[in-house]
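Spelled out, the chains give:
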Amino acid sequence: MGDGEIKVKSLQKALTILNCFVKKSRLGVTEISEMLDLNKSNVHNILSTFQAMDYLEQDEETGKYQLGVGIYELCQSVGDNFNIRKVMMPFMQEIADTANEVVYLAVPREDEMVYLEAMHPMESYNLMRAVLGEHAKMYCTGIGKAVLAYLPDDVIENYISRELVSYTEHTITDKEILRRELKEIRQRGYSIDNMEHEFGVKCVGMPIFNRRGELVAAISVSGPSLRFSGERIEYIVKIMRDSLEKARERI
């Protein structure tokens, strides 16, 4: 949140309620009122207003709310304004077609990565799904570790000091092992998600720097773990490096 003074408290309350859906996709009136210690009728009125504006949808069976098409349209507009997304899309498609795997683009936001785009190989376009606005932790994803490894040492230490939740049996939750992992990533220039966030899925991640050498985003190539042998990972890394080298002058 910015440092500016909040002048419209009712708007702050409404947006605080909307932000609850960042952490949990489906919520009811009672859940939100208990989470924020707000009056249920007040919460209901705000949710109903968001629903009328298509920012929320209500499940008729459960009565719970979830983000609606209005939010997606806002996110799409925000995503379009990210120069990094526009620049990277053709290069991501190049990588996806050459590697024949899915390529993701994400930017860091606090302790997570927020996804801006996904590009699929041309032959699998029918499997595409929107990822704009989805988020994942840094420490257990290829795209996240590619960023985390290049952050200042004090930021890394602060991050590692938090609880590291295990998503699979391969998730790195030992702080010293994670430190070594991040050091290795920085030395070789790319990260590997060895089924750490989702069993059966491996990813190769790489940071994106702009012309001034600033870390601005990351990409990852993701696919079934059986296809990601050591030799193929080296092949994918080369493809990614070649494309990012061409893209850098435009970022």
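What counts, and at which threshold
- Residues numbered from 1 in each chain as written.
- Predicted model: local features only at pLDDT ≥ 70, side-chain atom pairs only at ≥ 80, totals over all residues.
- Heavy atoms only, no water.
- Helix = DSSP H or I, 4+ residues; strand = E, 2+ residues; numbered from the N terminus.
- Core = buried A, V, L, I, M, F, W, Y, C linked by side-chain atoms within 4.5 Å.
- Buried < 20%, exposed > 50% of the residue type's maximum accessible area, 1.4 Å probe, protein only.
- Pairing = 2+ DSSP bridges.
- Axes fitted to C-alpha atoms, helices over the stretch in contact; angles between N-to-C directions.
- Contact = heavy atoms within 4.5 Å.
- Salt bridge = Lys/Arg side-chain N within 4 Å of Asp/Glu carboxyl O.

Caption draft 1: Quick peek at the environment of Glu169. Mapped onto the fold, Glu169 is located in the loop between α7 (153-160) and α8 (175-188). Once the C-alpha coordinates of Glu169 and Glu198 are considered, the two residues, 29 residues apart in sequence, prove to be 9.7 Å apart.

Caption draft 2: Here's a closer look at the nonpolar core. Within the largest apolar cluster, 31 residues are counted, with the highest numbers of intra-cluster contacts made by Ile84, Met88, Leu105, Val204, Ile208, Ile219 and Met240. Broken down by secondary-structure element, the contributors of at least two residues to this core are α5 (83-99), β3 (102-109), β4 (112-119), β7 (201-209), β8 (215-224) and α9 (230-248). Sorting elements by how many residues they give to this core places α5 first, with 8 residues. In this structure, Val102, Ala106, Met113 and Ala118 belong to the second largest nonpolar core, which totals 26 residues.

Caption draft 3: Representation of the sheet that holds β4 within the structure. One open sheet accounts for 6 strands, arranged β5-β4-β3-β8-β7-β6; its pairing is antiparallel. At either end of the open sheet lies a strand with only one pairing partner, and these are β5 (135-137) and β6 (191-194). The average undirected angle you get between the axes of adjacent strands in this sheet is 30°. Of the strands in this sheet, β3, β4, β7 and β8 touch α5, which is tilted by about 60° from β4.

Caption draft 4: Region of the structure containing the side chain of Ser220. Mapping Ser220 onto the fold places it in strand β8. Setting aside chain neighbours within four positions, we find Ser220 in contact with Val102, Val103, Tyr104, Ile143, Val204, Gly205 and Met240.

Caption draft 5: Spotlight on the pairing of β6. As paired strands, β6 and β7 are joined by 4 bridges and run antiparallel to one another. When the bridges of β7 are listed, Asn194 appears paired with Lys202. Linking β6 back to β7 in an antiparallel pair, the connection comprises 6 residues, with Met195 at a positive phi of about 60°.

Caption draft 6: Local environment of the pattern of salt bridges. A full pass over the atoms with the stated rule returns 16 salt bridges. Between Arg26 and Asp59 there is a salt bridge whose closest N-O contact spans 3.2 Å. Of this pair, Arg26 sits in the loop between α1 (9-23) and α2 (29-36) while Asp59 sits in the loop between β1 (56-58) and β2 (65-67), and the two are 33 residues apart along the sequence. Residue classification places Arg26 among the partly exposed positions, given a relative accessible area of 38%. On the accessibility criterion, Asp59 (24% relative accessible area) is partly exposed. Ionic pairing is found between Lys64 and Glu31, a salt bridge with its closest N-O pair at 3.3 Å. With Lys64 in the loop between β1 and β2 and Glu31 in helix α2, this residue pair connects regions lying 33 residues apart in the sequence. Judged by relative accessible area, Lys64 falls into the partly exposed class, the value being 30%. Residues participating in the shared-partner salt-bridge network are Asp111, Glu112, Lys137 and Arg162.

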